[in-house]
Amino acid sequence: MALGSLGILTKINLQNRPRYKLKEQIWLCSLKDIFSNIDQWKHQHRHIEFWAFLHADQVMLKTLDETDEILQSRKESWPSEDSLLMLCSELTRLLPSTNPYLQKLLGVFVKPTCFVDWSSQIFPTPRNTRFNEMEYQIPVELGLQCLEEVLHCLRQHRVPMFFPIEFRYVKADESGSVHFISGIQFQFLSINFISRIITSFLI
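For the structure given in this document, a descriptive report is provided here. The shown structure was predicted, so the numbers you read here are calculated from the model rather than taken from an experiment. (Residues numbered from 1 in each chain as written. Predicted model: local features only at pLDDT ≥ 70, side-chain atom pairs only at ≥ 80, totals over all residues. Heavy atoms only, no water.)

## Remarks on the environment of Thr 92
Filter applied, for reference: For the purposes of this entry, the term helix denotes a DSSP run of H or I that reaches at least four residues, the term strand denotes a run of E that reaches at least two, and both are numbered from the N terminus. Residue contacts are counted whenever heavy atoms from the two residues lie within 4.5 Å of one another. Here a polar contact is taken to be a pair of N or O atoms separated by no more than 3.5 Å, where protein atoms must pair a possible hydrogen donor with a possible acceptor and residues adjacent in sequence count only if both atoms sit in side chains.
Within the secondary structure layout, Thr 92 lies in helix α2 (residues 81-94). Between the alpha carbons of Thr 92 and Phe 162 there is a distance of 6.5 Å; along the sequence they are 70 residues apart. Other than its neighbours up to four places away in sequence, Thr 92 contacts Thr 98, Asn 99, Leu 102, Pro 160, Met 161 and Phe 162. Within the structure, Thr 92 has its side chain in polar contact with the backbone oxygen of Cys 88 (distance 2.9 Å).

As structure tokens, then:
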């Protein structure tokens, strides 16, 4: 337990702003286009991130931008994203050889979507599937190179991981812009095993 958790707050100042709407767009994009254009795209959107899969040439790209457009709230789909994620992860655990084929079906499972809603509804992402997550902060100029090495290493070791690797930008601090790369794997994989592989590139 951190000592800070024992502190007592007597006064808090919050910098608030009126509520605002966000436009969320998700679509498939080739990994080649990501490497060619992400440095330009990150300046064109309020938020941008993508999810890269070990055995797919395409990634899921997501952008968020402030907007005054009319509300177009998310609609529940069937089967849900969580259900598909659970099914594919379980199949990968039981039959690792199916992983490359399942990931190549992204074009079937993932369709372009566009939603507009209040930020409080857009920012949270429902995720009922249990998983372990590791997150690393990478200097912005090394982010894509690190992602490439991590993908290569996981493929080389034939890690049966269906969960994608999340790559997103965060706002710069005094030391400059940074990337966050999250090595995400399903609960059935050993977090320590994946950690040893990934950290060999980051230490």
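## Regarding the nonpolar core
For clarity, the cut-off: Definition of nonpolar core: a set of buried residues of the types Ala, Val, Leu, Ile, Met, Phe, Trp, Tyr and Cys, connected through side-chain atoms within 4.5 Å. Note on classification: 1.4 Å probe, protein chains only; a residue is buried when its accessible area is under 20% of the maximum for its type, exposed when over 50%, partly exposed between these limits.
Among the nonpolar cores identified, the biggest contains 38 residues, and Ile 34, Ile 38 and Phe 50 are the most heavily contacted of them. Broken down by secondary-structure element, the contributors of at least two residues to this core are β1 (21-30), α1 (31-41), β2 (47-52), β3 (58-67), α2, β5 (131-139), α6 (143-156) and β6 (165-173). Here this core takes 6 residues from α6, the largest share from any one element. Beyond its immediate sequence surroundings of up to four residues, Ile 34 is in contact with Cys 29, Trp 41, Phe 50, Val 59 and Leu 61.

## Things to note about the packing of aromatic side chains
Note the following rule: Only rings of Phe, Tyr and Trp enter the pairing, Trp through its six-membered ring, and a pair is recorded when the two centres are within 6.5 Å. The plane angle decides the type: under 30 degrees is stacked, over 60 is edge-to-face, the rest tilted. Comment: the charge-over-ring label is applied if NZ (Lys) or CZ (Arg) is within 6 Å of the ring centre and within 35 degrees of the ring normal.
For the structure on display, the rule yields 3 aromatic pairs. Ring plane angle 80 degrees and centroid distance 5.8 Å describe the contact between Phe 167 and Tyr 169, whose orientation is recorded as edge-to-face. Its relative accessible area of 1% is what places Phe 167 among the buried residues. One cation-aromatic arrangement involves Arg 17 over Tyr 20; the distance from NZ or CZ to the ring centre is 3.8 Å. Between Lys 21 and the ring centre of Trp 118, over which it is positioned, the NZ or CZ distance is 5.7 Å.

## Some points on the side chain of Lys 62
Examined against the element boundaries, Lys 62 turns out to sit in strand β3. Not counting residues within four places of it along the chain, the set of residues in contact with Lys 62 comprises Glu 24, Gln 25, Ile 26, His 47, Ile 48, Glu 49, Trp 51 and Thr 125.

## Considerations on the environment of His 45
Relative to the elements of secondary structure, His 45 occurs in the loop between α1 and β2. We classify His 45 as partly exposed; its relative accessible area is 23%. As a C-alpha pair, His 45 and Leu 64 span 19 residues in sequence and 6.5 Å in three-dimensional space.

## Some points on the pattern of salt bridges
Where charged atoms from two side chains of opposite charge approach closely, those side chains can pair. What counts here: The rule for a salt bridge is simple: a side-chain nitrogen of Lys or Arg has to be within 4 Å of a carboxyl oxygen of Asp or Glu.
Summed over the entire model, instances satisfying the criterion amount to 8 salt bridges. For Glu 24, the salt bridge is made with Arg 74, and the minimal N-O distance between the two is 2.6 Å. Of this pair, Glu 24 sits in strand β1 while Arg 74 is found in the loop between β3 and α2, placing the two residues 50 residues apart along the sequence. Here Glu 24 falls in the buried class, since its relative accessible area comes to 2%. Linked through salt bridges whose partners overlap, the residues forming this network are Arg 17, Arg 46 and Glu 66.

## Quick look at the layout of surface pockets
What counts here: A cavity here means a set of points on a 1 Å grid, drawn over the protein atoms and nothing else, where a 1.4 Å probe fits but cannot get out; a pocket is an open set with protein on both sides within 12 Å along at least five of seven lines, and a residue lines either one if it has an atom within 4 Å of a point. Grid points are joined across faces, edges and corners, and a volume is the space filled by probe spheres set on the points.
Roughly 1600 Å³ of internal volume is contained in the largest pocket. Lining the largest pocket are 45 residues; nearest its centre among them are Ile 26, Glu 81, Thr 125, Pro 126 and Arg 127. Of all the secondary structure elements, the ones that give two or more residues to the lining of the largest pocket are β1, β2, β3, α2, α4 (106-109), β4 (113-118), β5 and β6. It is α2 that provides the largest number of residues to the lining of the largest pocket, a total of 5 residues.

## Quick word on α1
Going by this rule: Within this analysis, the arc is defined by the directions that extend from the helix axis to the C-beta atoms.
Within α1, the full set of buried residues consists of Leu 31, Ile 34, Ile 38 and Trp 41. In a view along the axis of α1, the buried residues occupy a sector of 75 degrees, so they form one face of it. Seen from the buried face of α1, the exposed residues on the opposite side, beyond 90 degrees, are Lys 32 and Ser 36.

## Examining the environment of Val 150
The residue Val 150 is located in helix α6 in this model. Note on Val 150: relative accessible area 5%, which makes it buried. In the structure, Val 150 is positioned 96 residues away from Leu 54 in sequence and 9.4 Å away in space, judged by C-alpha atoms.

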